Amino acid sequence: MTYNVQLILVAVIGILTVACTGYRVYRLILNIRRGGDSCAGCRNCALKKRKNKRKDCPKVK
Amino acid sequence: MRLSELRTGEKGIIVKVTGRGGFRKRIIEMGFIRGKEVEVIRNAPLKDPVHYRVMGYDVSLRRSEAALIEVVAMDGFEEGKAAPDTNGRAFDSYVTPSRVDLRAVAIEKGKTINVALVGNPNSGKTTFFNHASGAHEHVGNYSGVTVEAKDALFKQDGYTFKIVDLPGTYSLSAYSPEERFVRKHLTEEHPDVVINVVDASNLERNLYLTTQLIDMDARMVIALNMYDTLLKRGDTFDYKSLEKMIGAPIVPVISKTGFGIKELFSRVIGVYEEEDPVIRHIHINYGDDLEKAISHVKASVKEHCDLSKGLSKRHLAIKLLEEDPETDIFIRSVPGHGAVLKVRDENVTQIATLLREDSETAFTNARYGFISGALRETFAPGKIGSMKSTQLIDLFVTNKVLGFPLFIFFMWIMFKATFSVGAHPMEWIENLVAWTGSLVEQYMQEGPLKDLLIDGIIGGVGGVIVFLPNILILYLFISFMEDSGYMARAAFIMDRIMHRMGLHGKSFIPLVMGFGCNVPAIMASRTIESRNSRLITMLINPLMSCSARLPVYVLLTGAFFPDRAAIVLLGLYVSGILLAVMMARLFKRFLFREEDVPFVMELPPYRMPTFKSILIHMWEKAKQYLRKMGGIILFTSIIIWFLGYFPLPPDGSDPSCRQKDSYIGRLGQTIQPVLQPLGFDWKISVSLLTGMAAKEVVVSTLGILYTGEAETGAEGKEAQKLRERLKQDAYPDGSPVFTPLVALSLMLFVLIYFPCIATVVAISKEAGSWKWGLFVAVYTCMLAWTISFVVYQAGSLLPLL
Ligand SMILES: Nc1nc2c(ncn2[C@@H]2O[C@H](COP(=O)(O)OP(=O)(O)OP(=O)(O)O)[C@@H](O)[C@H]2O)c(=O)[nH]1
Ligand SMILES: [Mg+2]
């Protein structure tokens, strides 16, 4: 692999990592915002990409 | 969907009727049967009652009663018929499913049974749950392992079971949070069938909860768990007679092995379908005086309050007479409660004068009376006392003099094994990582991708992954202690000490769980009643050294204290505990002042943990660890590598300065002045900063920052282990960066400072406010700095290390 190809691949990996990390942080914030006493904090919402539909969560009473 | 949610004119097909026995029977007799169609004649919002038509005649139900009937809606069905499309075909035939389909859906839905597991703490509910559903929830031989509802699905005989594992409770009065939680679950979720898990080796106490469930008129199947211990003790128990006596099926079960679980669920189906020959609703006879009081209150409730039929009046009357706080709140929200409360108060005083005890005690005694009466006829204790070995072990383990040294000794063995036994598999993984690195080194062309792979990913992730064996060994010990029942003894031993220091006794279990991971430990503090004690427990929990800190310790002790590793490890853990106790005292003194709540810790009999359960536990932990490697550790490693690689140095610059001039180098040098008094250079400072994401990242960051050194030459630089590289690092003047003293200061700092982000989030959530999370972050950092400062400065003055 030439230097330039490697540079491009590295850039792609970098962007992907930042995107993934950003997404994780975003999910974390969503999860926290959804929190409170009624939320079991099971991270189900974040995992199942329920966005803000907290009332869909079987564990929120 | 609930029947009450259907609007006027809408139709639905009945899926099932939930709620308690008597009411349910009546509703079903009225024609609300699975698969039947029901139409809403009039449902005005906020108006009771609602009119329905079912099987051709009109019925009116209260909204609260209609809410107990589950339906599938047939919305759009009638409109579809009225508006045929251009082809003259009925609109509904392909927009909405046909009536027949819907009925099938309803019947299918009706074959889902909601089951709740209710029982005393440590009666084996979670073991049962895991065996039935194939889940791997946490099991331990002490009370209060499960703190929140967990659910799972599984199928048997064409039925789907939605099974919910609940925290253990001794009763359903509303004293402790878990009691309230379970009660709320039962009254609000209306599980179709309750499985009451009963510990067969402790029948009398376990059946107390059963009597309360009978009062609630819950449809119930009793799982006579730990049947193996009953048999082993030689007890004889005629459960067939008892089940007829109390009107609920009893099935012997050994949830450890799965014995009886299948039969139990077929009984559950029988109860659900009203086919079980045994099930019937009985009234526990509380004796003349109490029964009289019950009937007075019941009559008064019937006369003055207009309550839903779904509510058992007898249960309400009993709860009122027991002066149950939640029932009081409930009845006060109902019109006409004045007269009822008056009757209640009269009867309560009368009970007190007649029986010379308060009414709640009178009911408790009557329940126990019922149980011992029932057991006298059905149960004969065996001759063999199996408690003997437990008592024998406890003679030593909970001994006033021996208990504490033994505890320390066990801990020492644990760390010794973690370090020494773990060293061999660790070396294999180290070699594997090194081999992978050299492979990439040989076969890839020079370039940034190669550097990313070798320095970033292999250096970072590879640096942490080698500690997998140590962590598994630590968990092996923890899970053995939990499953055997020693953990409860440890809590007992520590309770005396902790009490003297002003900490709540119940706090010990969450604190011990903190050795595994702080996040579930903080959730486990839910079992603590008083809010202040609970907050203190959460605030000091991060000082419990979690397993994520272990890689840092093993790395540094391996490099700088190889001969005294176990002692150093033990010392670190003990320092954490001591600091926690100190902070607890401070918090109690200055933040929350409060009386102690008495605490009773049950000491369960010792049980030999099964090989399988321990293996499963370790497998779960290994998976968790590897997932963390592929997740947060990988991401942070890549980001740190980027920050350490860029900006690209101008041509011809000194390669050894490259890292120092990179983004991360500049960042490190900015924060380093703060940490210099603790003996840390900029690389350590950066590692501590990134370690806030997760503590393993401290190691992975060190791994990345210590691969870039040019002096070792291109070939063979991977072959060197991280601990060697750390030892070689030196300041420009030639003095080593890492000395044993620096290592000690660093380990203490890692122990104490900022718990990982997940922990801070958990604290914020459980405490209900961000302020507490922030508070923990700030106080731990300040404490860490102070301790490391004192240790480093004192150690520099008195050169012991
Ligand atoms: N001998 C025997 N031991 C069992 C059986 N079922 C469970 N155990 C043991 O009982 C202990 C308690 O099990 P758990 O499933 O954690 O109990 P739990 O009811 O969920 O406890 P909490 O969550 O604290 O309410 C564990 O040590 C199990 O190994 C059984 O059928 N026979
Ligand atoms: Mg449990």
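Values in this document were obtained by computation on a predicted structure and should not be read as measured data. Note that residues are indexed from 1 along each chain, following the sequence as it is written. Written order determines the labels here, with chains lettered from A and ligands numbered from 1. At least 70 in pLDDT is required for a residue's local features to be given in this predicted model, at least 80 for side-chain atom pairs to be given and counted, and no such filter applies to totals for whole chains, interfaces and linings, which use all residues. Water and hydrogen atoms were dropped before computing side-chain values, which therefore reflect all heavy atoms in the structure.

Structural notes on the coordination of the magnesium ion (ligand 2)
All names here are of chain B.
Then comes step 1: Keep in mind that water is not among the atoms, so a site may look incomplete; donors are the N, O and S atoms within 2.8 Å of the metal, or 3.2 Å for Na, K and Ca. Looking at the magnesium ion (ligand 2), one finds its protein donor set to be T126 (OG1) and T146 (OG1), positioned 1.9 Å from the metal centre. Residue T126 is found in helix α6 (residues 125–133), and its partner T146 is found in the loop between α6 and β7 (150–156); the two are separated by 20 residues along the sequence.
Then comes step 2: The class for T146 is buried, based on a relative accessible area of 15%. Labels follow the DSSP assignment, with helices taken as runs of H or I lasting at least four residues and strands as runs of E lasting at least two, numbered in each case from the N terminus. To sort residues, take the accessible area from a 1.4 Å probe on protein chains only and compare it with the maximum for the residue type: under 20% means buried, over 50% means exposed, and anything in between is partly exposed.

A short note on the pattern of salt bridges
All names here are of chain B.
Then comes step 1: A side-chain nitrogen of Lys or Arg and a carboxyl oxygen of Asp or Glu constitute a salt bridge if their distance falls within 4 Å. The final tally for this structure, using the stated rule, is 29 salt bridges over all chains.
Then comes step 2: Between R183 and D324 there is a salt bridge, with its nearest N and O atoms 2.6 Å apart. Of this pair, R183 sits in helix α7 (residues 177–189) while D324 sits in the loop between α13 (313–321) and α14 (325–332); the two residues are 141 residues apart in sequence, bridging distant segments of the chain. D324 matches R183 in its accessibility class, with the two residues each being buried.
Then comes step 3: The shortest N-O distance in the salt bridge between K628 and E696 comes to 3.1 Å.

Considering the confidence of the model for chain A
Residues and elements named next belong to chain A.
Then comes step 1: The predictor attaches a confidence to each residue, called pLDDT, with possible values from 0 through 100. Mean pLDDT over chain A: 66, with 48% of residues reaching 70 or higher.
Then comes step 2: The contact criterion used is simple: two residues touch if any of their non-hydrogen atoms lie within 4.5 Å. Taken together, the stretch residues 35–41 has pLDDT below 50 and engages in 13 contacts with residues farther than four places along the chain or on a different chain.
Then comes step 3: Residue range residues 46–54 is modelled with pLDDT below 50. Its contacts to residues more than four positions away, or to other chains, number 21 contacts.

Describing the nonpolar core
All names here are of chain B.
Then comes step 1: Nonpolar core, defined: a set of buried Ala, Val, Leu, Ile, Met, Phe, Trp, Tyr and Cys residues in which side-chain atoms within 4.5 Å join the residues together. With 130 residues, the main nonpolar core has L556, F680, L688 and F738 as its most contacted residues.
Then comes step 2: The biggest single contributor to this core is helix α26 (residues 565–590), with twelve residues.
Then comes step 3: Not counting chain neighbours up to four residues away, the residues in contact with F738 comprise L556, F560, I684, Y706, L726, D729 and L746.

Side note on the sheet that holds strand β9 (residues 193–199) of chain B
Residue and element names in this part refer to chain B.
Then comes step 1: Ordered in space as β7-β8-β6-β9-β10-β12, the six strands form an open sheet in which the pairing is mixed. Where the open sheet ends on each side, the last strands, each with one partner, are β7 and β12 (250–252). Taken over all neighbouring pairs, the strand axes of this sheet differ in orientation by 25° on average, direction set aside.
Then comes step 2: Any two strands with at least two DSSP-identified bridges between them are counted as paired. Where strand β6 (residues 112–119) and strand β8 (residues 159–165) come together, six bridges link them in parallel fashion. When the bridges of β8 are listed, A116 appears paired with V164. Between the N-to-C directions of two axes lies an angle of 0 to 180 degrees, each axis being a line fitted to C-alpha atoms and, for a helix, fitted only over the stretch in contact.

Points about the state of the cysteines
Linking two cysteines covalently through their sulfur atoms gives a disulfide.
Then comes step 1: Disulfides are defined in this document as cysteine sulfur pairs within 2.5 Å. Overall, the coordinates contain zero disulfides over all chains when judged by the stated rule.
Then comes step 2: Summary of cysteine pairing: C781 of chain B is not part of a disulfide, and the nearest cysteine sulfur, belonging to C756 of chain B, is at 13 Å.

With respect to the sheet that holds strand β4 (residues 57–61) of chain B
All names here are of chain B.
Then comes step 1: Across the sheet, which stays open at both edges, the five strands sit in the order β4-β3-β2-β1-β5 with antiparallel pairing between neighbours. Two strands bound the open sheet, and with one partner strand each, they are β4 and β5 (69–73). In this sheet, neighbouring strand axes are inclined to one another by 40° on average, regardless of whether the strands run parallel or antiparallel.
Then comes step 2: Of the pairings in the sheet, the one linking strand β1 (residues 11–17) to β5 comprises five bridges and is antiparallel in character. Within the sheet, the bridge partner assigned to K16 lies in β5 and is E70.

Brief notes about the interface of chain A and chain B
Then comes step 1: In this complex, chain A contributes 22 residues to the contact, which on the side of chain B involves 27 residues.
Then comes step 2: Buried area: the accessible surface (1.4 Å probe) lost by two parts on joining, summed over both. Approximately 2,100 Å² of surface area, both sides summed, lies buried where chain A meets chain B, with 67% of it carried by carbon and sulfur atoms.
Then comes step 3: On inspection of chain A and its partner chain B, the count reaches zero salt bridges.
Then comes step 4: The definition of a polar contact used here is a pair of N or O atoms within 3.5 Å, where within protein one atom must be able to donate a hydrogen and the other to accept one, and adjacent residues in sequence count solely through side-chain atom pairs. On inspection of chain A and its partner chain B, the count reaches three residue pairs in polar contact (both at pLDDT 80 or more).

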